[in-house]
Amino acid sequence: MFEPALYSANDKQVREETSEYIEEFSDEIGQMSGRCLDIGSGPGHIVVDLLLPKLNPKSTVICSDISRPMLDYAKEKYGADERISFLELDIESPTLVEYLGEKFDHVTSFYCLQFCQDMRQVFKNIFDLLQPGGTVLFTSVCNHPCEDAYKILAAVPRYKRYMMDVDRFVGVFQHAKRPRETLKSLLRDVGFEVCHCSNRHTSYIYDTPDAHTGFMASIDPFMSRMPDELQREYLIDLGIEARRHTFIVNKDGNDDCSILSRRHTFVVYLKKPLVH
Ligand SMILES: C[S@@+](CC[C@H](N)C(=O)[O-])C[C@H]1O[C@@H](n2cnc3c(N)ncnc32)[C@H](O)[C@@H]1O
């Protein structure tokens, strides 16, 4: 779904936010040693540049992702690092723990879990992958107004056939009434001790409409299914539609304006009890 180089070129917001969360939880991360699994590592630079320096020096990180191109990209860049290894996995798969059960001491995941639909299966998998006493730190988008743009474009006749599965790409918490409470209760139900669970309102300014559209394109799941010419048209429409859900600042009557993009992000820290 993601093209690694395109995603890496447009992930400034993710990097800046993740850097802040990793700083905030640096004491907890510093306690993590042994085998740490990072889920949805993508190009790998969050793990290598931000996470690894804060982890206990005796720890190793297994970078995992559902996307083979992402893993290949990360492997080429960071494969020489002895503390890093790579694993292809789908964290939503019902058969995951058959071969990976209780293999990891800690789990991290940054901006990946919002791409999953069956959240009970996801958290059950994470629980079962962990050793008793293991911890989890994850961030995940709760609500991104721009995701509503997908639903609108999926109803446009020329895009419809490429977006039949649109619901799969709109986060399950996108329009939930009490998202934090729902998530917390699910995590407890699965067996976790919830040490921290917040739903943060974050905002980010893209200097130009193109920078905003570039970010939208870098996480878009549909465009690569379309013929080249339609892709160009879709990208313009995606930019226009996504901007309906954002603030436009410094507008001077032409395209020279900044875009204030807002979203809600879950920040969660969990423990798997020693005795369950
Ligand atoms: C927005 S990127 C975040 C990458 C990285 N964590 C970062 O912060 O830069 C999300 C990543 O999650 C991966 N992903 C999506 N669904 C997944 C799943 N079910 N299992 C594992 N990885 C998944 C995608 O392939 C992508 O690389």
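Rules behind the numbers
- Residues numbered from 1 in each chain as written.
- Predicted model: local features only at pLDDT ≥ 70, side-chain atom pairs only at ≥ 80, totals over all residues.
- Heavy atoms only, no water.
- 1 Å grid on protein atoms, 1.4 Å probe; cavity = no way out; pocket = protein on both sides within 12 Å on 5 of 7 lines; lining within 4 Å.
- Points joined across faces, edges and corners; volume = space filled by probe spheres on them.
- Helix = DSSP H or I, 4+ residues; strand = E, 2+ residues; numbered from the N terminus.
- Nonpolar A, V, L, I, M, F, W, Y, C, P; charged D, E, K, R; others polar.
- Buried < 20%, exposed > 50% of the residue type's maximum accessible area, 1.4 Å probe, protein only.
- Contact = heavy atoms within 4.5 Å.
- Axes fitted to C-alpha atoms, helices over the stretch in contact; angles between N-to-C directions.
- Parallel < 35°, antiparallel > 145°, perpendicular 65-115°, else oblique.
- Left-handed = near helix turned anticlockwise from the far one by under 90°.

## Points about the layout of surface pockets
The computed volume of the second largest pocket comes to approximately 180 Å³. Ala9, Asn10, Asp11, Lys12, Gln13, Tyr204, Ile205, Tyr206, Asp207, Ala211 and Phe215 are the residues that line the second largest pocket. Contributing elements (two or more residues each) for the lining of the second largest pocket: α2 (12-24), β6 (193-206) and α11 (209-218). Ranked by the residues each element gives to the lining of the second largest pocket, the list is headed by β6, at three residues. Taken together, the residues that form the lining of the second largest pocket break down as six nonpolar, two polar and three charged.

## Notes on the environment of Pro145
You can see Pro145 is positioned in the loop between β5 (130-143) and α8 (147-154). Looking at Pro145, the relative accessible area reads 17%, which means it is buried. Distance from Pro145 to Arg232, taken between C-alpha atoms, is 22 Å for residues 87 residues apart in sequence. When neighbours within four sequence positions are excluded, Pro145 is seen to be in contact with Gln174, His245, Arg262 and Arg263.

## Things to note about the environment of Gly171
Inspection of the secondary structure assignment puts Gly171 in the loop between α9 (157-160) and α10 (179-190). Judged by relative accessible area, which is 12%, Gly171 ranks as buried. Taking C-alpha positions, Gly171 is 31 Å from Gly30, a pair spaced 141 residues apart along the chain. Among residues more than four places away in sequence, those in contact with Gly171 are Gln114 and Glu147.

## Here's the deal with the packing of α8 against helix α12 (residues 228-243)
Packing of α8 against α12 brings their axes to within 9 Å, and their N-to-C directions diverge by 125°. Our classification of the angle between α8 and α12 gives oblique. Relative to α12, the crossing made by α8 is right-handed. On α12, the residues that touch Ala149, Tyr150, Ile152 and Leu153 of α8 are Tyr234, Asp237, Leu238, Glu241 and Ala242. In the contact of α8 with α12, the residues fall into seven nonpolar, no polar and two charged.

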